[in-house]
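# Descriptive structure summary
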Amino acid sequence: MTTVNLRTLGISPARNIHGSLYSVHKLNNLLQQHHVQKSVIRLVVKSMKISEHSLKPAFSPNCPIFLTCNMPTSNLTTQIRASYVKNGEMSHPPAPETGVSVFILKGNKMLFGRRRSVSVGDNTFLLPGGHLEPGESYEECAKREVKEETGLDIKNIELLTSNNNLYYEETHLDVTYVRAYLSDPNQTPQNIEPDKCEGWEWYDLNNLPEPMFGPLSEMFQGGFDPFRIAF
Ligand SMILES: Nc1nc2c([nH]c(=O)n2[C@H]2C[C@H](O)[C@@H](COP(=O)(O)OP(=O)(O)OP(=O)(O)O)O2)c(=O)[nH]1
């Protein structure tokens, strides 16, 4: 039998749901390395004292699947749906917005830009990214949005996590986060959409720009590290 001290491997109880997700990613990786059956994961997590509530989405008791699903309680969901009933008829509510955001990693840095004049996240730092277009894969969307916003070409795109968020009880964003690397490390980012962004800069994890877009800020505070996630 192999005994593994999880703390010496940098795995510790997480502060919030995003950190829990990160720990679970690390655990999965570790379990694979040690050929441990996946069913053991719950036991290991329990022994780390990641409490039941930190493994479940904080605001979404109905969704035990996605740890980054910040949907409200079923009561609020019912209220929101009810607001679409006019004269006893349910009008067609808008579909949630679906997007892809990209952690572009270069050395120990990643790319952020300060957002301008948009409804969500104005004046905060975000990753390059945007809405999924009909028929598009995550990879295609990531490449297209990064090219449109920064002029950069990216490669080795990998899925990291997903974030299902409701803002102001009306804007529902379902965003998939990926990471990628520059196709040519000598490329420099350009600010191709100056009406939407003040410019792109590289930042390392210990010197993140402020103010950070809310969901990203929560992820980092929870210990999320796009460099260290391994599958
Ligand atoms: N760009 C970006 N958007 C993000 C991030 N996290 C997150 O939830 N979003 C959300 C906010 C946006 O309303 C949504 C889509 O991104 P966007 O607003 O930048 O899209 P865009 O104008 O470039 O899109 P498009 O309509 O041109 O496709 O994704 C992030 O890190 N970067």
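The name that an unreviewed UniProt entry assigns to the protein chain is Nudix hydrolase domain-containing protein, with the source organism given as Deinandra increscens subsp. villosa. UniProt lists a comment for the protein chain under the heading Sequence similarities (unreviewed entry), and it reads "Belongs to the Nudix hydrolase family."

Okay, the packing of aromatic side chains next. Using the criterion set out here, one finds six aromatic pairs in the structure. Look at Phe-103 and Phe-220: their rings are 6.2 Å apart centre to centre, the planes differ by 90°, and that puts the pair in the edge-to-face class. Residue Phe-103 is found in strand β4 (residues 97-106), and its partner Phe-220 is found in helix α6 (residues 214-221); the two are separated by 117 residues along the sequence. In terms of burial, Phe-103 and Phe-220 fall into one category: buried. The interplanar angle of 35° and the centroid separation of 5.7 Å between the aromatic rings of Phe-103 and Phe-224 together place this pair among those described as tilted. Residue Phe-103 is found in strand β4, and its partner Phe-224 is found in the segment after α6; the two are separated by 121 residues along the sequence. Pair check on accessibility: Phe-103 and Phe-224 agree, each one buried. An aromatic cluster of at least three residues, connected via ring pairs, comprises Phe-103, Phe-112, Phe-125, Tyr-177, Tyr-203, Phe-220 and Phe-224.

Around the ligand, 16 residues are found, and the nearest of them are Arg-115, Leu-127, His-131, Glu-145 and Tyr-177. Within the backbone of Gly-129, an N or O atom sits 3.3 Å from an oxygen atom of the ligand. Coverage of the ligand by the protein amounts to 85% of the 610 Å² it exposes when considered alone. When contributions to the shell around the ligand are tallied by element, the ones reaching two or more residues are β4, β7 (129-131), α5 (138-150) and β9 (171-182). Residue composition of the shell around the ligand, by class: seven nonpolar, four polar and five charged.

Mean pLDDT over the protein chain works out to 77, with 67% of the residues at or above the 70 mark. Segment residues 7-23 is flagged for pLDDT under 50; beyond a separation of four residues in sequence, or across chains, it makes 49 contacts in the model. Across residues 41-61 the pLDDT falls below 50, and counting only partners more than four positions away or on other chains, this stretch makes 41 contacts in the model. Among the scores for the predicted complex, ipTM is 0.94 and pTM is 0.74.

Listed as buried for α6 are Pro-215, Leu-216, Met-219 and Phe-220. Buried residues of α6 fall within an arc of 135° about the axis and therefore sit on the same side. Backbone geometry just after α6 places Gly-223 at a positive phi near 95°.

Looking now at the pattern of salt bridges. Counted according to the given criterion, the structure contains ten salt bridges. In this structure, Arg-144 and Glu-136 form a salt bridge, with 2.6 Å as the shortest nitrogen-oxygen distance. Just as Arg-144 is buried, Glu-136 falls in that class too. For the salt bridge of Arg-144 with Glu-145, the shortest nitrogen-to-oxygen distance reads 3.1 Å. Taken together, the shared-partner salt bridges in this structure form one network comprising Glu-133, Glu-136, Arg-144, Glu-145 and Glu-148.

Moving on to the environment of Cys-141. Relative to the helices and strands, Cys-141 resides in helix α5. Relative accessible area serves as the criterion here: at 0%, Cys-141 is assigned to the buried category. Residues Cys-141 and Asn-163, spaced 22 residues apart in sequence, show a C-alpha to C-alpha distance of 16 Å. Not counting chain neighbours up to four residues away, the residues in contact with Cys-141 comprise Val-100, Gly-130, His-131, Leu-132 and Glu-136.

Bridge count between strand β1 (residues 69-70) and strand β8 (residues 154-167): two bridges; the pairing is parallel. Among the inter-strand pairings, Cys-69 is bridged to a residue of β8, identified as Asn-164. Here β8 runs beside β9; their pairing, made up of eleven bridges, is antiparallel. Among the inter-strand pairings, Thr-161 is bridged to a residue of β9, identified as Tyr-177.

Calculation criteria
- Per chain, residue numbering runs from 1 following the sequence as it is written.
- In view of the model being predicted, local features appear only for residues whose pLDDT reaches at least 70, and side-chain atom pairs are presented and counted only at 80 or more, with totals across whole chains, interfaces and linings using the full set of residues.
- As a rule here, side-chain values come from all non-hydrogen atoms in the structure, and water together with hydrogens is ignored.
- UniProt positions are given in the numbering used here, feature names are shortened, and annotations may be inferred rather than shown by experiment.
- Any two of the Phe, Tyr and Trp rings considered here, Trp counted by its six-membered ring, make a pair once their centres fall within 6.5 Å; the pair's planes then place it as stacked at under 30 degrees, edge-to-face at over 60, or tilted in between.
- Every helix listed is a DSSP run of H or I at least four residues long, and every strand listed is a run of E at least two residues long, numbered separately from the N terminus.
- Partly exposed residues are those whose accessible area sits between 20% and 50% of the maximum for their type, while under 20% is buried and over 50% is exposed, using a 1.4 Å probe and protein chains only.
- Think of it this way: one heavy atom of a residue within 4 Å of a molecule or strand is enough to make that residue near it.
- Under this definition, polar contacts are N or O atom pairs within 3.5 Å; protein pairs additionally need one hydrogen-donor-capable and one acceptor-capable atom, and for neighbouring residues in sequence, both atoms have to be side-chain atoms.
- A 1.4 Å probe and the Shrake-Rupley method give the accessible areas. Residues count as covered only by the protein chains that appear here.
- Each residue receives one of three labels: charged for Asp, Glu, Lys and Arg, nonpolar for Ala, Val, Leu, Ile, Met, Phe, Trp, Tyr, Cys and Pro, and polar for the others, Gly being one of them.
- Here pLDDT means the predictor's own confidence in every residue, given as a number from 0 to 100.
- The contact criterion used throughout is that any non-hydrogen atoms of two residues lie within 4.5 Å.
- To obtain the arc, one takes the directions from the helix axis to the C-beta atoms.
- Here, a salt bridge means any Lys or Arg side-chain nitrogen found within 4 Å of an Asp or Glu carboxyl oxygen.
- Following DSSP output, two strands are said to pair if at least two bridges run between them.

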